[in-house]
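# Structure assessment
Here is what each chain is made of, one letter per residue.
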Amino acid sequence: MAHGTTPDGMPKRLLILPGDGIGPEILAQARRVVEWFATHRGLAVDLREEHFGIPAWRAHGSLLRDETWAEIEAADAILFGAIGSPEYDTLPVGAREGQGLMRMRVELNLYINLRPVKALPVLAAISPVRPDVLRDTDLMIVRELTGGIYVGKPRGIETVDGVRRGVNTMVYSEPEIERIARAAFELARTRTGRLCSVDKSNVLETSRLWREVVQRLHDSEYSDVALSHLFVDNAAMQLVRAPSQFDVMLMENLFGDILSDVGAAVAGSIGMQPSASMNGMYAGGDTRHRALYEPIHGSAPDIAGKGIANPCGAILSFAMCLRHTFLRPDEAAFLENAVTRAIEAGARTPDIALPNRPAISTVEMGNAILRELDAMAAEKPAAVHA
Ligand code: IPM
Ligand code: MG
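Residues numbered from 1 in each chain as written. Chains lettered and ligands numbered in written order. Predicted model: local features only at pLDDT ≥ 70, side-chain atom pairs only at ≥ 80, totals over all residues. Heavy atoms only, no water.

### So, the overall build of the protein
The condition is simple: A run of DSSP states H or I qualifies as a helix once it reaches four residues; a run of E qualifies as a strand once it reaches two. Both are numbered from the N-terminal end. Atoms counted for the radius of gyration: C-alpha only. Globule rule: 2.2 Å times residue count to the power 0.38. Working definition: with a 1.4 Å probe on protein chains only, accessible area under 20% of the residue-type maximum means buried, over 50% means exposed, and in between means partly exposed. Any pair of residues with heavy atoms lying within 4.5 Å of one another is described as a contacting pair. Two residue types count as positive, namely Lys and Arg, and two as negative, namely Asp and Glu; His and chain ends fall outside the count. Positions of charges follow a simple convention, taking NZ of Lys, CZ of Arg, CG of Asp or CD of Glu.
A count of helical and extended segments in the protein gives twelve helices and twelve strands. Here the C-alpha radius of gyration of the protein, 21 Å, is about what a compact globule of 386 residues would show, namely 21 Å. Each of the 386 residues in the protein was classed as buried or not, and the buried ones make up 52%. When contacts within the protein are restricted to residue pairs at least 6 apart in sequence, those whose partners lie at least 24 apart make up 76%. Here the protein holds 40 positive side-chain charges and 49 negative ones, and the gap between their average locations is 3 Å.

Here you go:
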């Protein structure tokens, strides 16, 4: 079986959904990188692309039409750009309901969200954190992605005794906690064997259960992993004060949303940050592996269309796809290296530019990374996989 193929020998299906805002600009560059791997490294990929969000509304009068949903369900992996635009406010009431990113996360059961926070020495100068504090930071946030307050019911805005109020519900079941904790323990075993679970068990019942389940799983099956627990407020502080102390950090949905932005700032720029959302750690298990890879920065409407967005978050998301869907950690590292080398050679979009030094465009950043890939391929041809 050739690498990167499905068990029946077919190439894996990769669906590109550029989405809103800067999504189309950055995904155009990520697409060139995918095509480079297909052409120059023999990656077996069945590449497709569909409108999603506002561009879909403009083209088809629907944010997510059935044909697109069928593509989403058939894909082994999705490379997603971003969602969010002021234009949603102009759509008919209800048009947006259940047609977005949350639908994919929940219906595809993408409960594992991996958000790496790695300090690249070449970006140390743009981090708000001192270089000596940042040094050796290389951690992974494991965020639960299909539960908690994002989906809990009841929810809504209601009027009680003439007073309006908003309601959301944070809820986690034991199996939901256990399956994400298991993913985090497994990941910790492949790294330095340390796991920090983040919660708010001094106040919240969901967090009390969370801590109990994580500790129990540790004691029964993962006692080789060094487990610690932190309250989320303290974790936020530690992430800024001493980020290099962490290896794998496990947390529920909303805490992970917030702390991953903190981590992104610490590492340098949110424009650099990739993520992977999956229904299992790696392709190749008993259940069909599905995954969605996306930069964490969002649609950035303020700079959309200007050609200055950083495509590195999207391109590094494809590197995670090489690792977790195509099972090619070697090619993932190869791509990550190319990105680092491009920046080292001076290729910097405005978000990662050095003070008083020129910045380049989204397309030029893509060019610079492709140039490095070509140069590296000349140095080290692709390994032959049978
Ligand atoms: C993220 C984003 C999303 C989230 C939004 C766009 C719904 O902020 O992936 O971090 O809150 O999960
Ligand atoms: Mg977020």
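There's more to say after this.
### What about the site of ligand 1?
Applicable threshold: Here a residue counts as near a molecule or strand whenever at least one of its heavy atoms sits within 4 Å of it. Counted as a polar contact is a pair of N or O atoms within 3.5 Å, where, for protein atoms, one must be capable of donating a hydrogen and the other of accepting one, and residues adjacent in sequence contribute only when both atoms are in side chains. Here the Shrake-Rupley method, with its probe set to 1.4 Å, supplies the accessible areas, and only the displayed protein chains count as covering residues. The residue classification treats Ala, Val, Leu, Ile, Met, Phe, Trp, Tyr, Cys and Pro as nonpolar and Asp, Glu, Lys and Arg as charged. All others, Gly included, are polar.
Taken together, R105, R115, R143, Y150 and D257 make up the full set of residues near ligand 1. The side chain of R143 places a nitrogen or oxygen atom 2.8 Å from an oxygen atom of ligand 1. Y150 places a polar side-chain atom, nitrogen or oxygen, 2.5 Å from an oxygen atom of ligand 1. Notes on ligand 1: free accessible area 320 Å², of which the protein chains cover 68%. A class-by-class count of the residues in the shell around ligand 1 yields one nonpolar, no polar and four charged.

### Quick notes on the nonpolar core
To keep it simple, the criterion reads: Throughout, nonpolar core names a set of buried Ala, Val, Leu, Ile, Met, Phe, Trp, Tyr and Cys residues whose side chains join them through atoms within 4.5 Å.
Counting 74 residues, the largest nonpolar core has F37, L114, F318, L335, I369 and L373 as the members making the most contacts within it. The dominant element in this core, judged by the number of residues it contributes, is helix α10 (residues 312-324), at nine residues. In this structure I369 touches V33, C312, I315, L335, A338, V339 and A342, once residues within four positions along its chain are discounted. Listed in part, the 15 residues of the second largest apolar core include C196, V198, M249 and L259.

### Focus on the packing of aromatic side chains
Aromatic ring pairs are defined here through the distance separating the ring centres and the angle between the ring planes. Applicable threshold: Any pair of Phe, Tyr and Trp rings, taking the six-membered ring for Trp, is counted once the centres come within 6.5 Å. Such a pair is stacked with planes under 30 degrees apart, edge-to-face with planes over 60 apart, and tilted for the rest.
Here the structure, examined in full by the defined rule, presents six aromatic pairs. Seen in terms of ring centroids, F37 and F318 are 5.9 Å apart; in terms of plane orientation they differ by 70°. Their pairing is edge-to-face. Of this pair, F37 sits in helix α1 (residues 23-40) while F318 sits in helix α10, and the two are 281 residues apart along the sequence. For the residue pair F37 and F318, the accessibility class agrees, reading buried in each case. Where Y172 meets W210, the ring centres are 5.4 Å apart and the plane angle is 70°; that geometry is what we call edge-to-face. You can see Y172 sitting in the loop between β7 (163-167) and α6 (174-190) and its partner W210 sitting in helix α7 (residues 205-221), a full 38 residues away along the chain.

### Quick word on the environment of G84
Position of G84 relative to the elements: it lies in the loop between β3 (77-82) and α4 (101-107). Separated by 153 residues in sequence, G84 and M237 have C-alpha atoms that sit 29 Å apart.

### A short note on the packing of helix α8 (residues 232-241) against helix α9 (residues 253-267)
How two helices sit against one another is set out by the angle between their axes and by the gap between those axes. Rules: Interaxial angles span 0 to 180 degrees and are taken between N-to-C directions of axes, which are lines fitted to C-alpha atoms, for helices over the stretch in contact. The labels follow the angle: roughly parallel below 35 degrees, roughly antiparallel above 145, roughly perpendicular from 65 to 115, and oblique for the rest. Handedness of a crossing follows from how the near helix is turned relative to the far one, being left-handed for an anticlockwise turn of less than a right angle and right-handed for a clockwise one.
Running from amino to carboxyl end, α8 crosses α9 at an angle of 15°, the nearest separation of the two axes being 9 Å. Classified by the angle their axes make, α8 and α9 are roughly parallel. Crossing of α8 against α9: the hand is right-handed. Where α8 abuts α9, its residues V232, A235, A236, L239 and V240 lie against F255, L259, V262, G263 and V266. Along the lines of polarity and charge, the residues of the contact of α8 with α9 split into nine nonpolar, one polar and no charged.

### Observations regarding the environment of D302
Locating D302 in the fold gives a position in the loop between β12 (291-293) and α10. Given the relative accessible area of 59%, D302 is considered exposed. Put simply, D302 and G21 are 281 residues apart on the chain and 8.5 Å apart in space, counted from C-alpha to C-alpha.

### A few points about the environment of A264
You can see A264 is positioned in helix α9. Between the alpha carbons of A264 and P274 there is a distance of 9.6 Å; along the sequence they are ten residues apart. What A264 contacts, discounting residues up to four positions off in sequence, is S269, I270, Q273 and I296.

### What about α10?
Here is the rule: Multiply 1.5 Å by the residue count of a helix minus one, and that product is the helix's expected span.
Under the 1.5 Å per step criterion, the end-to-end length of α10 is 18 Å for 13 residues, consistent within 8% with the ideal 18 Å. For α10, the tally of buried residues reaches twelve of 13 residues, placing the bulk of the element in the interior. Residues C312, G313, A314, I315, L316, S317, F318, A319, M320, C321, L322 and H324 constitute the buried set of α10.

### Section: the sheet that holds strand β1 (residues 12-19)
How we decide: We call two strands paired when DSSP finds no fewer than two bridges between them.
Pairing in this open sheet of ten strands is mixed, and the strands run β2-β1-β3-β12-β11-β4-β5-β10-β8-β9 from one edge to the other. Here the strands that pair on one side only, and so sit at the sheet edges, are β2 (45-49) and β9 (226-231). Taken over all neighbouring pairs, the strand axes of this sheet differ in orientation by 20° on average, direction set aside. Where strand β4 (residues 112-118) meets strand β5 (residues 138-144), seven bridges bridge the pair, whose relative direction is antiparallel. Bridge assignment links N113 to a residue of β5, and that residue is R143. Running at roughly 135° to β1, helix α3 (residues 66-74) makes contact with β1, β2 and β3 of the sheet. Each of β5, β8 (194-199), β9 and β10 (248-251) is contacted by α8, which is oriented at about 105° to β9, the strand it contacts most.

### So, the pattern of salt bridges
Selection criterion: The working definition used for a salt bridge is a side-chain nitrogen of Lys or Arg within 4 Å of a carboxyl oxygen of Asp or Glu.
Considering all chains together, one arrives at 28 salt bridges under this definition. For D46, the salt bridge identified is with R48, shortest N-O distance 3.1 Å. The partly exposed category is assigned to D46, whose relative accessible area is 23%. With relative accessibility at 26%, the residue R48 sits in the partly exposed group. The salt bridge involving R191 is made with D138; its shortest N-O contact spans 3.6 Å. On the criterion of sequence distance, the pair formed by R191 in the loop between α6 and β8 and D138 in strand β5 is long-range, its members being 53 residues apart. Using a relative accessible area of 28% as the deciding quantity, one classes R191 as partly exposed.

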